[in-house]
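Secondary and tertiary structure notes
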Amino acid sequence: MLHKTKYLFLLLTTLLVTSLSIAQVESDPGTASKLSESELAARELALEMAALLGNAQKWQVDLLISYDTMQEDGQKIEFGERRRVSVERPSHILNELQASDGKREAVLFDGKNITVSEANSSVYARTPQPGDIDATVMYFLGDLGMRLPLAAMMMSQFPAVLEARMRSIEFVEETNILGEPTSHLAGRTIDVDFQVWISSGERPLPLRIVLTYREAPGQPQFRANFANWNFEPKFAADTFRFTPPAGASEIPLLGTLGALAGSGANSAATTTESGE
């Protein structure tokens, strides 16, 4: 059987927060002054993108995701999923997943609790977590050790996270390959190579991201294409409210990570350091 979780990276953040707080990530204040004009422009564009998302009070986007998993015999297998991410500050996130095997799951932050549920399941997992999105994301990733792809993009501190993590960034090319004019940037953090395609339109929106985990066995990649960006979504009154299915039972989120957390939350012992 092919293993979905063998060396599958736990995409804790975009570039990447991991379980560290912002204060724990150090950047060189002199880095910007050492960059070329082209590198400075690329850095500025990446931070404009991050500021757009971090400052927006609400947004929604659809993602088509693929990721590599390394098998025990060294073979690399790609799996995929679709996600819809809905964000409403200060404290609401709904992250809906359809995995390549048909499984449907959701992670909900409602400002009071974190709820993880699976469609057609008789149980759901919940844990109290009052607070804003940033605090809840850090708790979800760091304390609970759960999976939330591209989590940094949902945080108001995304610009600070990105700036602190970047070790280098530069322009690759201007391209229309995604159906509209975009700037293709490539950068590096201490352990991840990242590429991002940013719209050249009115808003610097990310349209595609590729992460390469160069320290992990086989250097697996994560790839995400973004579609249907909406900064004025009309959320229903119950969008960020979880109503348990009839007869469903609540179980504690702690201690049940492998049951409901998503395709990559189990088999933690076999994953990489950033592993999903």
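Because the structure is a prediction, the values reported are computed rather than measured.

With that out of the way, let us pick up the pattern of salt bridges. Think of it this way: side chains of opposite charge can pair up when their charged atoms draw near. Applying the stated criterion across every chain yields a total of eleven salt bridges. R43 is the salt-bridge partner of E163, the closest N and O atoms lying 2.5 Å from each other. Residue E163 is found in helix α3 (residues 158–165), and its partner R43 is found in helix α1 (residues 37–55); the two are separated by 120 residues along the sequence. Owing to a relative accessible area of 19%, R43 belongs among the buried residues under this scheme. For D68, the salt bridge identified is with R223, shortest N-O distance 2.9 Å. Placement of D68 in strand β1 (residues 58–70) and of R223 in strand β11 (residues 221–230) is noted, with a sequence separation of 155 residues between them. We note that D68, like R223, is buried.

On to unusual backbone geometry. Residue P90 follows R89 across a cis peptide bond; omega there is 15 degrees. Topologically, P90 is positioned in the loop between β2 (76–88) and β3 (92–99). Phi at Q219 takes a positive value of approximately 45 degrees, unusual for a residue other than glycine. In the Ramachandran plot, N228 falls in the positive-phi region, its phi being about 60 degrees despite a non-glycine side chain. By the secondary structure assignment, N228 is in strand β11.

Now for the environment of L40. Summarising the element assignment, L40 is placed in helix α1. With 130 residues separating them along the chain, L40 and E170 place their C-alpha atoms 7.9 Å apart.

The next subject is the nonpolar core. In summary, soluble globular proteins display a tendency toward joint burial of nonpolar side chains. Counting residues in hydrophobic clusters, the biggest one holds 61 residues, and the most contacted among them are W59, V137, F140, F226 and W229. Among the elements that make up this core, the one with the highest residue count is α1 (eight residues). Ignoring anything within four residues of it in the chain, the contact list for F140 reads V107, F109, I114, V116, G145, M146, R147 and L148. Of all hydrophobic cores here, the second largest spans five residues; its members include L94, L108, F235 and F240.

Let us now look at the packing of aromatic side chains. The way to describe two aromatic rings as a pair is by their centre distance and the angle between their planes. Under the criterion given, the structure shown has seven aromatic pairs. Among the aromatic residues, ring-to-ring pairing joins W59, F226, W229 and F231 into one connected group. The ring centre of W197 lies 5.3 Å from the NZ or CZ of R208, which sits over that ring.

Right, let's talk about the confidence of the model for the chain for a bit. When the pLDDT values of the chain are averaged, the result is 84; 80% of them are 70 or greater. Segment residues 6–26 is flagged for pLDDT under 50; beyond a separation of four residues in sequence, or across chains, it makes 92 contacts in the model. Below pLDDT 50 for its whole length, residues 255–276 participates in 57 contacts with residues either more than four positions away or in separate chains.

Mapped onto the fold, S117 is located in strand β5 (residues 113–118). Setting aside residues no more than four positions away along its own chain, S117 makes contact with R104, E105, A106, Y124 and F242.

Our next topic: the packing of α1 against α3. Relative orientation of the contacting elements α1 and α3 amounts to 150 degrees, with a least axis distance of 8 Å. Overall, the two elements α1 and α3 adopt an arrangement that is roughly antiparallel. Along its contact with α1, which presents R43, A46, L47, M49, A50, A51 and L53, the element α3 presents F158, P159, L162 and E163. When its residues are assigned to classes, the contact of α1 with α3 shows nine nonpolar, no polar and two charged.

Before going further, it helps to examine α3. For α3, every residue scored as buried is listed here: F158, V161, L162, A164 and R165. Down the axis of α3, the smallest arc covering the buried residues is 165 degrees, so these residues share one side. Close packing links the buried residues of α3 with α1 and β8 (182–188).

Within the element layout of this structure, D62 appears in strand β1. On the basis of relative accessibility, which here comes to 17%, the residue D62 falls in the buried class. As for D62 and V85, which are separated by 23 residues in sequence, their C-alpha atoms are 6.5 Å apart. If we ignore the near neighbours within four places in the chain, the residues touching D62 are R83, R84, N225, F226, A227 and N228. Side-chain polar atoms of D62 contact the side chain of R84, separated by 2.6 Å.

Each value, and the rule that gives it
Residues numbered from 1 in each chain as written. Predicted model: local features only at pLDDT ≥ 70, side-chain atom pairs only at ≥ 80, totals over all residues. Heavy atoms only, no water. Salt bridge = Lys/Arg side-chain N within 4 Å of Asp/Glu carboxyl O. Helix = DSSP H or I, 4+ residues; strand = E, 2+ residues; numbered from the N terminus. Buried < 20%, exposed > 50% of the residue type's maximum accessible area, 1.4 Å probe, protein only. Core = buried A, V, L, I, M, F, W, Y, C linked by side-chain atoms within 4.5 Å. Contact = heavy atoms within 4.5 Å. Phe/Tyr/Trp six-rings, centres within 6.5 Å; stacked < 30°, edge-to-face > 60°. Lys NZ or Arg CZ within 6 Å of the ring centre and 35° of its normal. pLDDT = per-residue confidence, 0-100. Axes fitted to C-alpha atoms, helices over the stretch in contact; angles between N-to-C directions. Parallel < 35°, antiparallel > 145°, perpendicular 65-115°, else oblique. Nonpolar A, V, L, I, M, F, W, Y, C, P; charged D, E, K, R; others polar. Arc of directions from axis to C-beta. Polar contact = N/O pair within 3.5 Å; in protein donor to acceptor, adjacent residues only side chain to side chain.

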